[in-house]
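The residues making up each chain are set out below.
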Amino acid sequence: MKKSIAIVGAGFSGAVIANQLAHAGYAVDVFETRPHVGGNCHSRRDDETGVMLHVYGPHIFHTDNERAWEFVNRFGEFKPYVNRVKAITNGRVYTLPINLLTINQFFGKTLRPAQAAEFLTSLGDKTITTPTTFEDQALRFVGRDLYEAFFKTYTIKQWGLSPSELPASILKRLPVRFNYDDNYFSHKYQGMPADGYTALVERMFDVPGIAVHLSTPFDPASKTDYQHVFYAGPIDAWFGHEEGRLPYRTLDFEVFRDTGDYQGNAVVNYCDDAEPYTRITEHKHFSPWEQHEDTILYKEYSRQCEDQDIPYYPIRLARDKQQLERYVNIARQEANVTFVGRLGTYRYLDMDVTINEALITADKFLASARDNTAMPA
Ligand code: UPG
């Protein structure tokens, strides 16, 4: 006999869908292989310092999406937080994203906005008309010196690939500004949950009808026990990797503690090869409204994800497109299973996008159940 809904994965995708479906009267079983909820957004207090830790690396909530912002604010207070990233290259400290201060400091100039825009245009490689790679995008719009100082080596450390092999879309995440605004993001809303991301996710699951099973893998064979399955695990794992493993980058964190303020900022990027890590994160600065004597930091190293590692960044290279398409095709044919989220759809998603997509998925499911039609793939 069929019963209720199964959700695989207790990150934001799973939590949002569970919340919406439970409110609509469904019984929801959530299966999570890890011993905690929140996925890679999981946060917890460090026992030694009392600092709220972003256990799987920094997460800053930023969005233009009204619905996602309104939704997350129902589950906890968001404190104002603006991400300002510092970058070290050739022994000097700059601000990122590239802005007027970065340009003036880097080139030893005192340009005003329009002059800086003109200057950068003069540095750009105009022979590149339609940049498709990360490298061409950088050379076209910021020129070789800024590219080599801030992007080339960092990107090799981050992705293990030359920027000439990576898509321009990765660099397009970062703006170039001709004013002194060093806010890392350009979105209308930005903030940090006052008591961490895990508390938000726990409250999303706190609806009658939801049972969360931690440290419990889900066997795809038991999908027939459920009316519908929402799967937020890796799409290739659902199919036993029958088309091969989709490549990911994983992260290693070297944790260290100190007293006081170690680096004066939440995130400092190391853009050249003087250091093997990409950045150091000082977690106390993500909660500037709290006071802590001691401090805890992560040195972040990126490497290829092996079988037992936690997948972080999907590497969506054009040359792997056919493998992904084969998975997407067999996923479409999987009756009563919807693939959701970063791992289920093999896309690098920010939190707000994940939440918005999960809300839309829940809407579609509820509409199809109401109209007695099939859930669209
Ligand atoms: N990049 C550089 N040099 C830098 C920063 C970025 O080359 O100093 C490249 C790099 O290839 C990177 C890409 O630009 O992959 C996109 O940058 P960004 O969006 O900052 O990188 P992510 O690692 O995807 O973002 C992380 C977190 C995100 C957080 C952001 C800022 O995943 O949640 O908001 O860092 O701290």
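Just so it is clear, the model here is predicted, and its values are computed rather than measured.

### Topic: the site of the ligand
Then, number 1: Taken together, 21 residues sit near the ligand, with Arg173, Tyr184, Arg279, Tyr313 and Tyr348 positioned nearest.
Then, number 2: A distance of 3.4 Å is found between an oxygen atom of the ligand and a side-chain nitrogen or oxygen belonging to Asn83.
Then, number 3: Take Phe150: an N or O atom from its main chain is 2.9 Å from a nitrogen atom of the ligand.
Then, number 4: Compared with its free state, where it exposes 660 Å², the ligand has 96% of that area covered by protein.
Then, number 5: The element contributing the most residues to the shell around the ligand is helix 6 (residues 143-159), with 6 residues.
Then, number 6: Split by residue class, the shell around the ligand holds 15 nonpolar, 4 polar and 2 charged.
Then, number 7: Looking at which domains feed residues into the shell around the ligand, each of domain 1 (3-45 + 54-78 + 191-243 + 317-371) and domain 2 (92-171) gives three or more.

### Digging into the domain arrangement of the chain
Then, number 1: Domain annotation of the chain identifies domain 1 (3-45 + 54-78 + 191-243 + 317-371) and domain 2 (92-171).
Then, number 2: Centre-to-centre, using C-alpha coordinates, domain 1 lies 35 Å away from domain 2.

### Describing the pattern of salt bridges
Then, number 1: Scanning the model with the defined rule gives 23 salt bridges in all.
Then, number 2: In this structure, the salt-bridge partner of Arg144 is Glu148, at a minimum N-O distance of 3.1 Å. One end of the pair is Arg144 and the other is Glu148, both in helix 6 and 4 residues apart, which spans about a single turn.
Then, number 3: With relative accessibility at 45%, the residue Arg144 sits in the partly exposed group.
Then, number 4: Across the salt bridge formed by Arg370 and Asp371, the nearest N and O atoms sit 3.9 Å from each other.
Then, number 5: Exposure remark for Asp371: the relative accessible area of 48% places this residue in the partly exposed category.
Then, number 6: Each of Asp46, Glu48 and Arg257 takes part in one network of salt bridges that share partners.

### Focus on the packing of helix 3 (residues 100-107) against helix 4 (residues 113-123)
Then, number 1: Where helix 3 contacts helix 4, the two axes come as close as 11 Å, and the packing angle between them is 65 degrees. Considering how the two elements wind past one another, helix 3 and helix 4 form a crossing that is left-handed. Contacts between helix 3 and helix 4 involve Leu100, Ile103 and Phe107 on the former and, on the latter, Pro113, Ala116, Phe119, Leu120 and Leu123.
Then, number 2: The residue makeup of the contact of helix 3 with helix 4, split by class, is 8 nonpolar, no polar and no charged.

### Observations concerning the sheet that holds strand 6 (residues 78-80)
Within a sheet, each strand pairs with its neighbour through backbone hydrogen bonds, oriented either parallel or antiparallel.
Then, number 1: Taking strand neighbours across the sheet as the criterion, the 3 strands line up as 5-9-6 in an open arrangement whose pairing is antiparallel. The open sheet has two free edges, formed respectively by strand 5 (61-63) and strand 6, since each of these has just one partner strand. Strand-to-strand twist across the sheet, computed as the mean angle between neighbouring axes with direction ignored, equals 40 degrees.
Then, number 2: In terms of strand pairing, strand 5 meets strand 9 (residues 189-193) through 3 bridges, oriented antiparallel. In the sheet register, Thr63 faces strand 9, and the bridge partner there is Tyr189.

### Re helix 6
Then, number 1: Compared with an ideal rise of 1.5 Å per residue, which puts 17 residues at 24 Å, helix 6 spans 21 Å between its outermost C-alpha atoms and falls more than 12% short.
Then, number 2: The largest bend in helix 6 comes to about 45 degrees, at Ala149.
Then, number 3: Of all 17 residues in helix 6, 12 are buried, a share of seventy percent or more.
Then, number 4: When helix 6 is considered as a whole, its buried residues turn out to be Gly143, Leu146, Tyr147, Ala149, Phe150, Phe151, Thr153, Tyr154, Thr155, Lys157, Gln158 and Trp159.
Then, number 5: One or two residues past the end of helix 6 sits Gly160, with phi positive at roughly 70 degrees.

### Some details on the sheet that holds strand 13 (residues 267-270)
Then, number 1: Read from one edge to the other, the open sheet built from 7 strands follows the order 8-7-13-14-15-12-16, with strand pairing classed as mixed. The two strands at the open ends of the sheet, each matched to only one other strand, are strand 8 (92-96) and strand 16 (313-314).
Then, number 2: In this sheet, strand 13 lies alongside strand 7 (residues 85-89) in parallel orientation, the contact comprising 3 bridges. Opposite Ala87, over in strand 13, you have Asn269 as the bridge partner.

About the cut-offs
- Residues numbered from 1 in each chain as written.
- Predicted model: local features only at pLDDT ≥ 70, side-chain atom pairs only at ≥ 80, totals over all residues.
- Heavy atoms only, no water.
- Near = heavy atom within 4 Å.
- Polar contact = N/O pair within 3.5 Å; in protein donor to acceptor, adjacent residues only side chain to side chain.
- Areas by Shrake-Rupley, 256 points an atom, 1.4 Å probe, with all protein chains shown as cover.
- Helix = DSSP H or I, 4+ residues; strand = E, 2+ residues; numbered from the N terminus.
- Nonpolar A, V, L, I, M, F, W, Y, C, P; charged D, E, K, R; others polar.
- Domains from an automatic or database assignment.
- Salt bridge = Lys/Arg side-chain N within 4 Å of Asp/Glu carboxyl O.
- Buried < 20%, exposed > 50% of the residue type's maximum accessible area, 1.4 Å probe, protein only.
- Axes fitted to C-alpha atoms, helices over the stretch in contact; angles between N-to-C directions.
- Left-handed = near helix turned anticlockwise from the far one by under 90°.
- Contact = heavy atoms within 4.5 Å.
- Pairing = 2+ DSSP bridges.
- Expected span 1.5 Å × (residues − 1).
- Bend = angle between axes of the 7 residues up to and from the residue.

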